[in-house]
Amino acid sequence: MAELTEAGCRAFTQADAPMTDNQVLLRAMEYASTFGLSLWLRPQDVSLAHGGVAHDGAVASRLGLPGIPALAETVALATILQLARETGARVHLARLSTSEGLAMVRAAKAQGLAVTCDVASPHVHLSENDLISFDSHLHLVPPLRSLRDRDAIREALRDGTIDALCSDHTPVDEDVKQVPFGESAPGASGVELLLPLTLKWAREMDVPLMQAIGLISWKPAQILGVPAGTLAVGGWADLCVFDEAAEWIVGPRTLTSQGNNTPFLNHLMLGRVHYTLIDGHIDFEAPHSP
Amino acid sequence: MNPQLTQDGRLRHLLTLDGLPRATLMEILDTAESFMDVGEREVKKVPLLRGKSIFNLFFEPSTRTRTTFEIAAKRLSADVVNLNIATSSQTKGEAILDTVDNLAAMHADMFIVRHSQSGAAHFIARHVAPHISVVNAGDGRHAHPTQGLLDMFTIRRFKGAFHNLTVGIVGDVLHSRVARSQIHALTTLGVPEVRVIAPKTLLPAGVEQMGVKVFHNLDAGLAGCDVVIMLRLQNERMKGARLPSAQEYFKFFGLTSEKLALAKPDAIVMHPGPMNRGVEIDSEVADGPQSVILPQVTYGIAVRMAVMALLAGGTAA
Ligand SMILES: NC(=O)OP(=O)(O)O
């Protein structure tokens with residue numbers, strides 16, 4: 001771990017591979033905290049989530065879709081937070097989805113634990129209620145949860161409990177989505193929608209633009225320990241130029257990514273990137289940019 | 001919004017009873033009633049679907065549903081093709097759409113679909129050409145609308161009306177597409193009290209939001225019931241730590257003559273089949289005077305005729 005850090009590694013994670021062994025988790029935290037490194041963990045208890053494809057609630061019950069209870073998140077979270085408390089390890093919690101989970105993180109932060117967390121942008125706007133047509137593009141991990149959970153996410157983004165908003169960009173082949181919901185591969189392509197979905201949340205919640213942009217720029221950079229995401233004299237000239245009022249419709253023609261698997265297909269978006277600059281040079285220029 | 005209705009409110013597909021208006025359900029039941037005598041005629045046929053091709057597309061096994069759909073289609077003079085596609089891990093979605101496309105190329109007019117995945121019938125209905133109708137013959141845990149309808153038909157035949165009934169559904173509601181379709185139909189048709197009676201491990205989260213009253217005790221749940229519907233308990237349920245044993249289940253939730261005596265004296269007993277005798281229901285009850293389990297199967301023919309006739313009537317002849 002320390003060697004990888006010397007080579008530029010910023011954090012350690014199992015990505016979405018499940019954490020099944022608490023002894024390994026405990027040792028990873030002890031070792032990481034020896035060097036002050038951080039672990040990125042996705043809290044989802046494997047056995048409680050086993051076989052599930054949708055939030056275990058009234059909608060999945062109605063649709064007959066096997067459920068993943070909110071407990072799958074909170075039980076895993078309780079374990080992680082307890083181990084973090086014990087070891088002093090720095091932990092970033094990735095892709096939270098439940099109101100109860102956010103309350104646990106809020107409490108942990110209030111107790112001074114070194115934890116940060118993020119949520120995926122679809123979960124800020126969608127809920128289990130959107131599953132009614134069995135559209136496999138809404139099959140996500142963690143699952144889209146209740147409206148109450150979605151509203152808790154929107155509030156926790158505002159009050160700072162959630163440190164970063166991410167795209168959870170998971171492009172998959174359309175073939176693995178053109179099957180019944182339960183057989184489909186989970187995930188949504190999302191990197192191109194991160195900005196407009198963030199702006200949409202900010203508009204709907206009356207959050208100032210700068211606060212919203214922070215969730216997708218300097219705050220995630222800070223979690224990673226990268227001096228980026230800010231505009232400062234002598235800082236990196238890594239910029240994104242966008243028009244917050246530009247309207248566009250999500251579709252295969254308007255997305256650059258080959259992953260067209262998005263639950264927002266045909267949705268109207270406000271906000272479009274025109275240029276991306278890296279080190280002061282234009283790296284990306286959207287077609288028809290002014 | 002509702003993918004199974006046309007803009008003017010006629011049946012386009014039959015995928016679920018969830019959200020179907022009361023008038024549509026009644027129209028199906030009344031049409032089924034008009035077909036009841038066809039089975040008793042010397043020539044058991046009417047020419048309503050002459051020249052139509054109906055494909056039974058079963059990705060999961062079936063005895064009653066597949067057979068009664070076949071009989072029903074033949075009585076309507078349709079051409080019927082049966083495809084029993086064994087469930088296997090290779091039966092992937094892409095194969096489903098390929099199969100559907102190929103059958104459509106053979107000029108199919110209607111698909112009767114059974115599949116292990118919830119939403120499979122919706123998935124196929126979204127894909128087919130506008131002149132093709134899809135009938136859900138059971139998708140995962142989601143819906144079994146023709147079963148729900150034949151159960152309503154049975155209840156109406158034996159009880160006359162819906163507005164004064166107490167109906168108890170006993171057993172594995174969690175995994176049951178039949179129970180879901182029954183609950184939607186019963187609540188839509190105005191049954192004032194629909195009960196589900198099961199241990200907590202066999203009830204889906206938030207089941208009360210489907211308009212039912214929850215009981216965990218069989219005696220309390222059966223008290224005052226006009227209709228007792230038993231659900232099949234699959235043996236796999238013992239593996240998933242949902243129940244300690246089949247014996248214990250039978251002791252606490254199995255329907256015996258003794259337990260049935262707690263319901264109204266004229267209560268009827270229903271079961272969609274296939275039955276697990278000695279697990280959810282005692283043979284004495286299954287074969288007893290209050291059982292209407294075999295009439296359910298017979299009525300399935302008229303109800304499926306009605307569904308197919310109404311669907312075909314809704315498309316260009
Ligand atoms: N009731 C029912 O669906 O039975 P089959 O599985 O035999 O069709």
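In case you missed it, the structure is sitting above this.
Here we summarise the structure given alongside this text.

Scoring rules and cut-offs
Residues numbered from 1 in each chain as written. Chains lettered and ligands numbered in written order. Predicted model: local features only at pLDDT ≥ 70, side-chain atom pairs only at ≥ 80, totals over all residues. Heavy atoms only, no water. Contact = heavy atoms within 4.5 Å. Buried area = accessible area lost by both parts, 1.4 Å probe. Salt bridge = Lys/Arg side-chain N within 4 Å of Asp/Glu carboxyl O. Polar contact = N/O pair within 3.5 Å; in protein donor to acceptor, adjacent residues only side chain to side chain. Nonpolar A, V, L, I, M, F, W, Y, C, P; charged D, E, K, R; others polar. Helix = DSSP H or I, 4+ residues; strand = E, 2+ residues; numbered from the N terminus. Expected span 1.5 Å × (residues − 1). Buried < 20%, exposed > 50% of the residue type's maximum accessible area, 1.4 Å probe, protein only. Pairing = 2+ DSSP bridges. Axes fitted to C-alpha atoms, helices over the stretch in contact; angles between N-to-C directions. Right-handed = clockwise from strand over helix to strand, strands pointing away.

Below, the discussion takes up the interface of chain B and chain A. In this complex, chain B contributes 25 residues to the contact, which on the side of chain A involves 19 residues. At the boundary of chain B with chain A, total buried surface from both sides reaches about 1,700 Å², with 54% on carbon and sulfur atoms. Counting every contact that joins chain B to chain A gives 1 salt bridge. Between Arg-62 of chain A and Asp-18 of chain B there is a salt bridge whose closest N-O contact spans 2.8 Å. Put simply, chain B and chain A have 5 residue pairs in polar contact (both at pLDDT 80 or more) between them. Along the lines of polarity and charge, the residues of the side of chain B that touches chain A split into 8 nonpolar, 11 polar and 6 charged.

The α-helix winds at 3.6 residues per turn, so residues separated by three or four positions along the chain end up facing the same way. Residue and element names in this part refer to chain A. Between its first and last C-alpha atoms helix α6 (residues 99-110) spans 17 Å; for 12 residues at 1.5 Å apiece the expected length is 16 Å, and the two agree. Taken together, the buried positions of α6 are Ser-99, Gly-101, Leu-102, Val-105 and Ala-108. Gly-112 occupies a position one or two residues after α6 and carries a positive phi of about 90 degrees.

Right, let's talk about the sheet that holds strand β3 (residues 110-115) of chain B for a bit. Residue and element names in this part refer to chain B. Read across the open sheet, the 4 strands follow the order β2-β1-β3-β4; overall the sheet is parallel. For this open sheet the edge positions go to β2 (79-84) and β4 (133-139), each flanked by a neighbour on one side alone. Direction aside, the axes of adjacent strands within the sheet are offset by 15 degrees on average. Inspection of the sheet shows strand β1 (residues 53-58) paired to β2 by 6 bridges, in the parallel sense. From the neighbouring strand, Phe-58 faces β2, where its bridge partner is Asn-84. Each of β3 and β4 touches helix α4 (residues 120-127); the most contacted strand, β4, lies at about 165 degrees to it.

This next bit is on the pairing of strand β2 (residues 38-41) of chain A. All names here are of chain A. Bridging between strand β1 (residues 12-13) and β2 involves 2 bridges; their strand directions are parallel. Across the sheet, the residue bridging to Phe-12 is Leu-39, located in β2. As for the winding sense of the linkage, the β-α-β connection from β1 through helix α2 (residues 22-34) to β2 is right-handed. Bridge count between β2 and strand β5 (residues 90-93): 4 bridges; the pairing is parallel. Among the inter-strand pairings, Trp-40 is bridged to a residue of β5, identified as His-92.

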